[in-house]
Amino acid sequence: MKLKKVKSLMVLALAGCMLMSGCGQQVPSSSGGESGSGTQSSAGSPEAAGTSSGEVIELRYYCGTGEENLFTDPVAQAITEATGVKLKIEYSISSDDQKIALMIAEQDYPDLIFTDDGSTSLVDAGALMDMTELIEEYGPNIKKFYGEELDKLKYSSDDPSIYFLSSYGVGGVSYKSDGNMQMQWDVLKENDYNYPKSLEEYENMLKSYIAEHPATEDGLETIGITLSAADWRWMITLGNPGYFITGGQQDNGQWYVDENYNAQFHFFRSEEKEYYRWLNKMYNEGILDNEFPTQTHEDYVAKIASGRVLSIMDAEWDYSDAIKILKADGKLGKTYAGLPFTSEESYKCASLMYKGLITGQGVGISTACKDPVAAIKFLDFFCSDEGQVLREWGIEGVNYLVDDEGHRYRTEEEINWEATDKDYGKKTGIGPYIHPFPRYGDGVVDSTGSTFTRRSKEAVIAEYDEEQRAACEVWNVELLVDIFPQPDEFDTPLYSPSWAYAKPAEYNEINQQLEEIAWSGLISSVICSSTEFDAKYDKMLADLEAAGMKEAGEILGTIIKERVALVE
Amino acid sequence: MKVKKARTATIQKQRFSLKLMWKQRYLLCMSVPFVIWLIIFKYLPLWGWTMAFQDVRPSTFALPLWEREFIGFANFTKAFSDRLFTQTLINTLGTSILGIALGTFSAILFALLLNELRFIRFKKITQTISYLPHFVSWVIVASIAKMFLNAGGVLDTISGTKLNLMSTNSMLIWVVICFVNIWKEVGWDAIIYLSAMAGIDQGLYEAAKVDGANRFQRMWHITLPGIKPTAIVLLIMSIGGALNVGMERQILLSNGIVQDHTMVLSWFAYIRGIGNNNYGVGTAIGMFQSVVGITLLLIANKIAGWMGESRLV
Amino acid sequence: MRSSVRHRKNEVTAFDFVLVFIFLLILIITVYPFLNVLAISFNDPTDTMRNVNLIVPRVFTLSNYRYIFTEKDLMSPFLMSVARTVIGTLTGVICTSMVAYVLSRKDFYFNRFFTLLFVITMYVGGGLIPDYLLITRTLRLGNNFAVYILPGLVGVFNIILIRSFMEGLPLSLQEAAMIDGANDFFIWLRIIMPLCTPVIATVALFCAVGAWNSFMDTYLYARNLPTLQYVLYEIMEKATIKIDPHAVNAEQLRNSVSPLSVRMAITIVATVPILVVYPFLQKYFVGGMTLGAVKD
């Protein structure tokens, strides 16, 4: 290298650096929101909506799982008009990033935060503001919205502040359900639409169908049951069914909590041990897919999409891709019916049971917010009827119409647009502002008798395909879920599902280990030979106890007791 | 025919004097700025190590150092007595040793063979293609690997038996992970050795040919010794990093059956540390890795020195 | 020498063909994942879901690429990536080799001490939080282009590589120059560096690839200066479904683009520039070099 050349290269590099450093500040941002005019409104004026000076203030809002959103769509603009607030939305890129940790380290909090799973950290760090008084004074709609369940939003008995609202639906019914187990329509039809009411019946249905149809039309071997258990999904496909199929009701994650608030991992229930014994038998007889512990999720979906899997135990959003393919291939008979399956008739499937308002996650106001009143009024607007309709239905006359009786309805065009355009939400603003802000569940109606959400009974029925309609006829019901035990058959539990609660670190540390043990323990119990089953299963139980389950269980039990006390 | 480098002569230990500093002023100017850089960017952040001795949670995070609760070695004992710790340590060491040994061996072998390839164009194409997997992210490589190695996967189908490569809860999974890693990285790792081989004086080969040495003798006596310094140095550095063996590939290649043997220290630190919002424990484990790593490094370095090889430090 | 002329004919032996055969095998094995990625990226996402094992697209489509290119503007991030790669590599190579030279001089008084200082940093780290605070609070490099250059200026691994190489060069050269009165800087620049082409090319490659592929620093420190990798990562994460195991409202999922297909297309887009550049560097370390200047 000639010296001159090197020197000039170096000078170039230096110059480049300086140039870029200078440029650094002026390069426009291509991610994140625009910086609006951040003028302060006169805080403290008790108006129902909007700020007294009529100026728009900007609130920084961090949403853990979100998308880039400049808050400029029609619905957003309507929101700004009504509340005087424009949101600058920040979001995290990946699910396991440490944005929350960095936020705390930097002490740089946005005005509104959706806590997702960082709620404990944020509360511990003192990042969130207690909204109780704000709600009292400025949040009439919030109070009305939550009604009796408002107390469930309190954090704990030691600290009954309300740090965040709930991100889950209030009230409402489910018009659709996956039930405890899903079975292909073709299999049901062979059995004259009788669905199994016991493990034995279930087994026999599968076996007789396999005997008749050992392979699909494409020559692929029929599989009785398959599960996706190679990662965290084991909780849904392997853990939960054991609980719900044997009559479990309140959703406490991996725990079973009895009337005296004693908590144990639900695998200790003897009914469940029998369920897993049965599963082990299925595995050894080849009815349960032998590849289930190692197959990737893609393989799992591909199997379902090929139509060869007779039944699964999963949540619809986990395999919906496969359903799309089946429908595209015209194999409706290979799609699945969600069934209220239980291992014995005396058990009730709790899928439709109203489990109470889910708390523990939601939008909160941070202590760094300079204008909490504007913030609470903003949230209050979201809880008002107007706010609900705006976010769900859009703008009247544009996205929906009102008929003579005052009911809301959408045109076919609109419905089609939503179904086919993946950017529908971005363009209209319908969708992005629903979760995680406060919202009603399906089926709750307003004063006009229209539902708040776009999902109404009629809409659901209208969307049924051939198979589903045929089943409704045979079973003589309007909705498929009518065959399920209905909500009024259950008592509302005194506490909401505990899996969502913010829990102390000591509990979390133990729980993490318990889940690790349960996962590998369950798998090894299911895949071993039937003679080894008892030994393996009992070992898992012993390991769970050795890892401190009692301690964690006590913590959980205490928390639940406190929550019950808060509400009573 | 051995070629000895003149460099292994011992250097007299010089006495410090200003005159010496002046004499070496150019060397100083060329290095001191970067030492400063080093201190700023690498040594200053080490204050974070104090977190290992404190109880650090989100609630106490924002407090300045001296106000946090000092708990001595409690974080360390907590980590060491964890149910999974011993197995994790074993897994880490096992995977590391296997990885270092097989990885180095295969990279050198690959480079060696590639170097011998006569057809230049084929050689270039092969080399370019061989490092492509390096750029494919682990996420994708892992899913392809699983496709091949899972029960019922491609390998099972081809070989007609159930190999259970991914479903045996034993050290086998270390071997599997190691081979997948080699598959992904050997082309890339070989680049270093190739460039070292390119620096070998071609005249040596000519002279050897004249002396009647055949292909293999030339490889054994010229090429290998030629890259020995590089190889040793790389080996020492790898040993230093033995406990740091990454977590991405372990997480991706793990499943419910084999997880007992795939958990490694870095992953462990992650789930027990950040995963539990317990930064103190996470930092403690990280510190443990660093301290042990450096110790191993220094030991390996000394051994290399005794053996007459080039040392790292 | 006359005998050497005879030997220079380089007869092709059986061993050569064995080699070719071995490498063909290796080629097939290593190119397979890449072909798979390429195929999936050009394959219709729904079809891919039926079966992920493909080498040739079954249902050809450009939709995955279209999705990437229309989601965000890729041009300015691309330029930003080029800028940081070129500048970063230049500065990195120069600085690293300078330090490497100093550390290769056994007569340097602080040699062992400095080497130790550098090497230790390969195995220690304060963690994410202290690094973050250092860069954003103490040095105020947030959203400043320098944050792409400064923190990664010197790679210790690369220093060691270059140093090893330099140590393999005959001392006589340097001694001759020193006798002639040349200073250390001159020796480094005009004598040693030209001889280090293979290792410099290697380190340049490492620096360039490292700079090109990194997105974490953009994510943490420089969101206003997005690089190509960062934008691609954003697109990919957006397309990937984040699932809350208890999610009741699955609205977001309804119209997703298959994340797998997008991921594959992104891999291709991110890697192609490197493949394009690589052949230019390759000549430096494949094929060998003759050090004509040295008579040992």
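In the block above lies the structure referred to throughout.
Please read these numbers as outputs of a predicted model, since none were measured by experiment.

Caption draft 1: Focus on the overall build of chain B. From N to C terminus, chain B includes 16 helices and zero strands. Referenced to the eigenvectors of the C-alpha coordinate spread, the extents of chain B come out at roughly 75 × 75 × 30 Å. Relative to its full complement of 313 residues, chain B shows a buried share of 42%. Relative to all contacts within chain B whose residues are 6 or more apart in sequence, the contacts with residues 24 or more apart total 69%.

Caption draft 2: Quick look at the pairing of strand 5 (residues 181-184) of chain A. Residue and element names in this part refer to chain A. Burial of strand 5 is two-sided: the residues Met181 and Met183 facing one way and the residues Gln182 and Gln184 facing the other way are all buried. Sheet topology note: the strand 5/strand 10 (residues 336-339) ladder contains four bridges and is antiparallel. When the bridges of strand 10 are listed, methionine 181 appears paired with leucine 339. Examined bridge by bridge, strand 5 and strand 9 (residues 309-312) share two bridges and lie antiparallel to one another. Considered in strand 9, the bridge of methionine 183 is made with serine 311.

Caption draft 3: Broad picture of the interface of chain B and chain C. Each side of the interface is counted separately: chain B has 77 residues, and chain C has 82 residues. Per element, the largest residue contribution to the side of chain B that touches chain C is 10 residues, and it comes from helix 2 (residues 25-43) of chain B. Of the residues belonging to the side of chain B that touches chain C, the class tally is 45 nonpolar, 21 polar and 11 charged.

Caption draft 4: Inspection of the packing of helix 19 (residues 505-527) of chain A against helix 20 (residues 533-546) of chain A at higher detail. Residues and elements named next belong to chain A. Where helix 19 contacts helix 20, the two axes come as close as 9 Å, and the packing angle between them is 180°. As the angle between them shows, helix 19 and helix 20 are arranged roughly antiparallel. The residues of helix 20 that touch helix 19, namely those facing Leu514, Ile517, Ala518, Gly521, Leu522, Ser524 and Ser525, are Phe533, Lys536, Tyr537, Met540, Asp543 and Leu544. Residues belonging to the contact of helix 19 with helix 20 are distributed by class as follows: eight nonpolar, three polar and two charged.

Caption draft 5: Just the sheet that holds strand 1 (residues 57-63) of chain A, in detail. Residues and elements named next belong to chain A. The sheet built from four strands is open, its strands ordered 2-1-3-11 with mixed pairing. The sheet is open, and its two borders are formed by strand 2 (85-91) and strand 11 (363-365), each paired with just one other strand. Within the sheet, the average angular offset between the axes of one strand and its neighbour, ignoring direction, is 25°. Bridge count between strand 3 (residues 112-114) and strand 11: three bridges; the pairing is antiparallel. Across the sheet, residue phenylalanine 114 finds its bridge partner in strand 11, namely valine 363. The sheet contacts of helix 13 (residues 372-383) involve strand 1, strand 2, strand 3 and strand 11, and relative to strand 11 the element is tilted by about 160°.

Caption draft 6: Local environment of the environment of glutamate 466 of chain A. Looking at where glutamate 466 of chain A falls in the secondary structure, it is placed in helix 18 (residues 466-475). In this structure, the C-alpha to C-alpha distance between glutamate 466 of chain A and threonine 115 of chain A, residues 351 residues apart in sequence, is 42 Å.

Caption draft 7: Molecular detail of the pairing of strand 9 of chain A. Inspection of the sheet shows strand 6 (residues 223-226) of chain A paired to strand 9 of chain A by three bridges, in the parallel sense. Paired with threonine 226 of chain A across the strands is isoleucine 312 of chain A, a residue of strand 9 of chain A.

What counts, and where the lines are drawn
- Residues numbered from 1 in each chain as written.
- Chains lettered and ligands numbered in written order.
- Predicted model: local features only at pLDDT ≥ 70, side-chain atom pairs only at ≥ 80, totals over all residues.
- Helix = DSSP H or I, 4+ residues; strand = E, 2+ residues; numbered from the N terminus.
- Buried ≥ 20, exposed ≤ 12 C-beta atoms within 10 Å, placed from the backbone.
- Contact = placed C-beta atoms within 7 Å.
- Pairing = 2+ DSSP bridges.
- Nonpolar A, V, L, I, M, F, W, Y, C, P; charged D, E, K, R; others polar.
- Axes fitted to C-alpha atoms, helices over the stretch in contact; angles between N-to-C directions.
- Parallel < 35°, antiparallel > 145°, perpendicular 65-115°, else oblique.

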